[in-house]
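Architecture at a glance
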Amino acid sequence: MRLRLWIVTDALQPPARGNGTTVARWIDGLRSRGHELAILEPGHTARSSWAPDVVLGYHAERCGPAAVALAAHCGAASAIALGGTDLLALEDGSGRAGQGAIRRCDLVVGAFPSFGERLAALELGSPAYAVVRRGVFRDPDPPLPRDPRRLEIALPSGLRRVKDPLFAIARFAALRAAGIDARLRIVGAALEDDLARAVIDAARALPGIEIGQRPPVAMGALYARAHVVWNSSLHEGGANAVLEAAALGCAVLLRDVPGNRELAAESGSPVALFRDDATSVAFHRALLCESAADRDARHAANAAWLARWHDPADEIEDLERALHAAVAGRGGGPRSP
């Protein structure tokens, strides 16, 4: 049954955010299944010739308040999708706007069941919680050859505290101290000026670090050359960049934090977690010694994991099911065209 849906998001405008990749995938997937969508920015007056069945805000703190206000005005169901940083802010009390939005919404969706358990522990009212798995499109072709002489490391990361790029620079310093010829490419917008300056200063002290930006459509070329993708965040929501890099045959090494732990715990997951520098050095030395057959085997294993846990068709089915339930929970059904 067709839904009419307003999506409130600021993630489709610069600077590029991983949330924007998810929102774009949701828009394409829902439209392909016949649902009618309007995309709104928070703070903008809704301009649509039709009323929604449900209003979805992507990111509790930034877009949740606008979404629940619009839903109340229209008499529609309201839903909030947790961004990767939302739970941290909700738990430490800094996300007051997000807390207020969740108290007033009908549905919250997140990437993992554990996020729902943590949300319930906060006692922010009683919205329904539904898991919407992160999906990624898989490339069936074998991975491109990697440079056997220098280790290429990709860190897709905005320069802000929650992404903690200084953690990655410290790990990179350990590789260099162990004699590994490596390059660390940090790709993301400078979202906090003081942290960006600290990252640039730390990078100057080490050879082999590059800092820059790329549009989302250009990230595939970065992953196709990288031996490994890192994630150094203090919390993650199921990072698109990790899934995209895995789909292109990269090894995956992530910080041992919520969101990343859930990815590592999935059956057949290739995700490794940072433990200590000695283990990290051994991990990266092994990558430089891989043969073409080794890389092909990892690509196949990555693809099998992604097909089981992160199929984009499953993601849209999860989202559809949750949105229909939110509408039904208010005692209504989709509006007539």
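The residue count restarts for each chain, going from 1 along the sequence in the order it is written. Confidence filtering applies because this is a predicted model: local features only for residues at pLDDT of at least 70, side-chain atom pairs given and counted only at 80 or more, and all residues used for totals across whole chains, interfaces and linings. Only hydrogens and water are set aside; all other atoms, that is, all heavy atoms of the structure, feed into the side-chain values.

1. As for the pattern of salt bridges
Salt bridge, as used here, is a side-chain nitrogen of Lys or Arg placed within 4 Å of a carboxyl oxygen of Asp or Glu. For the structure on display, the rule yields 24 salt bridges. R2 is the salt-bridge partner of E36, the closest N and O atoms lying 3.6 Å from each other. Of this pair, E36 sits in strand β2 (residues 36-40) while R2 sits in the segment before β1 (4-8), and the two are 34 residues apart along the sequence. A relative accessible area of 35% places R2 in the partly exposed class. One salt bridge in this structure joins D256 and R261, with 2.6 Å as the shortest N-O distance. Exposure is judged per residue with a 1.4 Å probe applied to protein chains only, and the accessible area is read against the type maximum: over 50% gives exposed, under 20% gives buried, and values in between give partly exposed. By relative accessible area, which is 28% here, D256 ends up partly exposed. The network of salt bridges with common partners includes R150, E152, R183, R185 and E210. Put simply, DSSP H or I for four residues or longer makes a helix, DSSP E for two residues or longer makes a strand, and each gets a number counted from the N terminus.

2. Re the packing of aromatic side chains
Classification of ring pairs rests on two measures: the distance between centres of Phe, Tyr or Trp rings, Trp counted by its six-membered ring, which must be within 6.5 Å, and the angle between planes, read as stacked under 30 degrees, edge-to-face over 60 and tilted in between. Considering all chains together, one arrives at 5 aromatic pairs under this definition. Ring centres of W6 and W50 lie 6.4 Å apart, and the angle between their planes is 55 degrees; this geometry places the pair in the tilted category. With a gap of 44 residues between them, W6 in strand β1 and W50 in the loop between β2 and β3 (54-58) connect regions that are remote in the sequence. Comparing W6 with W50, the two get one shared label, buried.

3. Digging into helix α9 (residues 240-247)
With 7 of 8 residues buried, α9 lies mostly within the body of the structure. Along α9, the positions that sit buried rather than exposed are N240, A241, V242, L243, A245, A246 and A247. Within two residues after α9, G249 carries a phi angle of roughly 90 degrees, on the positive side.

4. Let's talk about the pairing of strand β5 (residues 107-110)
Residues L107 and V109 line one face of β5 and the alternating positions V108 and G110 line the opposite face, and both faces are buried. Strands qualify as paired when DSSP identifies two bridges or more between them. Pairing between strand β4 (residues 77-81) and β5: 3 bridges, direction parallel. Pairing of A81 across the sheet is with V109, part of β5. Pairing analysis gives 4 bridges linking β5 to strand β6 (residues 128-131), with the strands arranged parallel. Along β6, the bridge assignment pairs V109 with A130.

5. Description of the sheet that holds β6
The strand order across the open sheet formed by 6 strands is β2-β1-β3-β4-β5-β6, and the pairing between neighbours is parallel. The outermost strands of the open sheet, each flanked by one partner alone, are β2 and β6. Neighbour to neighbour, the strand axes of the sheet diverge by 25 degrees on average, direction disregarded. Where β1 meets β3, 4 bridges bridge the pair, whose relative direction is parallel. What sits directly across from I7, in β3, is L56. Should any heavy atoms of two residues lie within 4.5 Å, those residues are considered in contact. All axes are obtained by fitting lines to C-alpha atoms, using only the stretch in contact for helices, and the reported angles, taken between N-to-C directions, cover 0 to 180 degrees. Packing against the sheet, helix α5 (residues 113-121) makes contact with β5 and β6, and its axis sits at approximately 160 degrees to β6. Contacts from helix α13 (residues 312-329) reach β1, β3, β4, β5 and β6, with the element oriented near 170 degrees to β5.

6. With respect to the side chain of H35
Here H35 is to be found in the loop between α1 (18-32) and β2. Pairs of N or O atoms within 3.5 Å make up the polar contacts considered here, provided that, within protein, one atom can donate a hydrogen while the other can accept it, and that residues adjacent in sequence are counted only when both atoms are side-chain atoms. Engagement of the side chain of H35 in a polar contact is seen with the backbone nitrogen of L3, the distance being 2.9 Å. Engagement of the side chain of H35 in a polar contact is seen with the side chain of E320, the distance being 2.6 Å.

7. Comments concerning the environment of L90
One can find L90 in helix α3 (residues 86-92). In this structure L90 comes out as buried when scored by relative accessible area, which is 3%. Contacts of L90, omitting those with residues within four sequence positions, involve L82, G95, G98, Q99, I102, L119, L122 and L124.

8. Regarding the environment of D28
In this fold, D28 is placed in helix α1. Assessed through its relative accessible area of 56%, D28 is described here as exposed. Spatially, the C-alpha atom of D28 lies 29 Å from that of A265, the residues being 237 residues apart in sequence.

9. A look at helix α12 (residues 292-309)
With 18 residues, α12 should cover 26 Å at 1.5 Å per step; its first-to-last C-alpha distance of 26 Å lies within 8% of that length. All buried positions along α12 are accounted for by R295, R298, H299, N302, W305 and L306. Angularly, the buried residues of α12 cover 130 degrees about the axis, an arc narrow enough to put them on a single face. Turned more than 90 degrees off the buried face of α12, the exposed positions are A293 and R308. An expected span of 1.5 Å times one less than the residue number is assigned to each helix. The directions considered for the arc are those from the helix axis to the C-beta atoms.

10. Describing the nonpolar core
Here, nonpolar core means buried Ala, Val, Leu, Ile, Met, Phe, Trp, Tyr and Cys residues that are tied together by side-chain atoms lying within 4.5 Å of each other. Membership of the largest hydrophobic core comes to 38 residues, with the highest contact counts inside it found for L82, I102, Y223 and L263. For this core, the secondary structure elements donating two or more residues are α2 (60-74), α3, α4 (96-104), α5, α8 (219-225), α9, β11 (251-254) and α12. Broken down by element, this core gets its largest block of residues, 6 residues, from α9. In contact with L82, not counting residues within four places along its chain, are Y58, A60, L87, L90, I102, V108, V109, F115, Y129 and R134. The next biggest cluster of nonpolar side chains, apart from the first, holds 26 residues, and it includes I169, L184, L195 and L253.

It is worth stressing that arrangement in space is one thing and function is another; only the former is reported here.
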